[in-house]
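These are the residues of each chain, in order.
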Amino acid sequence: SVHLISFPFWLDTWWALRHIDAMLVEAPSGKLYAGRSLWGMLPAHEPRRSAIRLIELRWFDMVILLTIGANCATMAWESPLDEMLHPEGTWKSSFIGVCEWAYLGIFTFELLTKVLAYGFLWHPEAYLRDAWCQLDFVVVTLAWRLVDIPPRHCAMIASATHPVAPPARSMG
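The notes below deal with the structure included here.

## Regarding the packing of aromatic side chains
As enumerated under the stated definition, the model contains five aromatic pairs in all. Taking the centre distance of 6.1 Å and the plane angle of 10° together, the rings of Y33 and Y118 count as stacked. Here the residue Y33 occupies a position in strand β2 (residues 32-34), and Y118 occupies one in helix α6 (residues 91-118), the gap between them amounting to 85 residues. Here Y33 and Y118 have matching classes, each one buried. By the ring-pair criterion, three or more aromatic residues cluster together here, those being W77, W91 and F95.

## Thoughts on helix α3 (residues 48-56)
Buried within α3 are the following residues: R48, A51, I52, L54, I55 and E56. The elements touched by buried residues of α3 are β2, α4 (58-77) and α6.

## A look at the side chain of T67
Inspection of the secondary structure puts T67 in helix α4. What makes T67 buried here is its relative accessible area of 7%. A polar contact of 2.7 Å, which involves the side chain of T67, links it to the backbone oxygen of V63. Those residues in contact with T67, other than ones at most four positions away along the chain, are Y103, I106 and F107.

## Considering the packing of α3 against α6
For the pair α3 and α6, the least separation of the axes is 8 Å and the interaxial angle reads 120°. Relative to α6, the element α3 lies oblique. Helix-helix and strand crossings are classified by hand; for α3 and α6 the assignment is left-handed. In this structure, α3 uses R48, A51, I52, L54 and I55 to contact α6, whose residues at the interface are F109, T113, K114, L116, A117 and Y118.

## Looking at the pattern of salt bridges
Applying the stated criterion across every chain, the model contains two salt bridges. Between E46 and R49 there is a salt bridge; the shortest N-O distance is 2.9 Å. What makes E46 partly exposed here is its relative accessible area of 39%. The exposure class assigned to R49 is partly exposed, which follows from its relative accessible area of 32%. Put simply, K114 and E110 hold a salt bridge, and the shortest N to O gap is 3.2 Å. Taken together, the residues K114 and E110, both in helix α6 and four residues apart, mark about one turn of the helix. You can call K114 buried: its relative accessible area is 11%.

Conventions used here
Residues numbered from 1 in each chain as written. Predicted model: local features only at pLDDT ≥ 70, side-chain atom pairs only at ≥ 80, totals over all residues. Heavy atoms only, no water. Phe/Tyr/Trp six-rings, centres within 6.5 Å; stacked < 30°, edge-to-face > 60°. Helix = DSSP H or I, 4+ residues; strand = E, 2+ residues; numbered from the N terminus. Buried < 20%, exposed > 50% of the residue type's maximum accessible area, 1.4 Å probe, protein only. Contact = heavy atoms within 4.5 Å. Polar contact = N/O pair within 3.5 Å; in protein donor to acceptor, adjacent residues only side chain to side chain. Axes fitted to C-alpha atoms, helices over the stretch in contact; angles between N-to-C directions. Parallel < 35°, antiparallel > 145°, perpendicular 65-115°, else oblique. Left-handed = near helix turned anticlockwise from the far one by under 90°. Salt bridge = Lys/Arg side-chain N within 4 Å of Asp/Glu carboxyl O.

Spelled out as structure tokens, the structure:
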């Protein structure tokens, strides 16, 4: 049989007060980070603490917004005629291909960093509890899924989601 060990209230309170700094972190923006993330990490535990510091930096959002803008410019520069006229490829298509991988890497890094900082799903401030983060998750996950599918088969899906989601997120 299982025996539950119960500690007196004062001992639980004493433990919580001694460890409150690990359970609650206030970021420079004033946002409070609490709860556990991923494998039980508290906000003061590494690497979660570093992820919180990183996403709270002002330039982090600026880099993401610049990447979204560059991604939109690259998509506007891309033309289906390039592939039709030059099936062997051009320097432009090669450059766009490298840029797309760079953008996917940056957006994936943003997603993973925010999941680490916020937690994924199980508490009120978690990554998937925010509508913009849900949109990011769908777009990045879909982009990774489309890596396996040849471009001709996924043109409709990509054109319907990829150009719309990152610019729409920047308006929020």
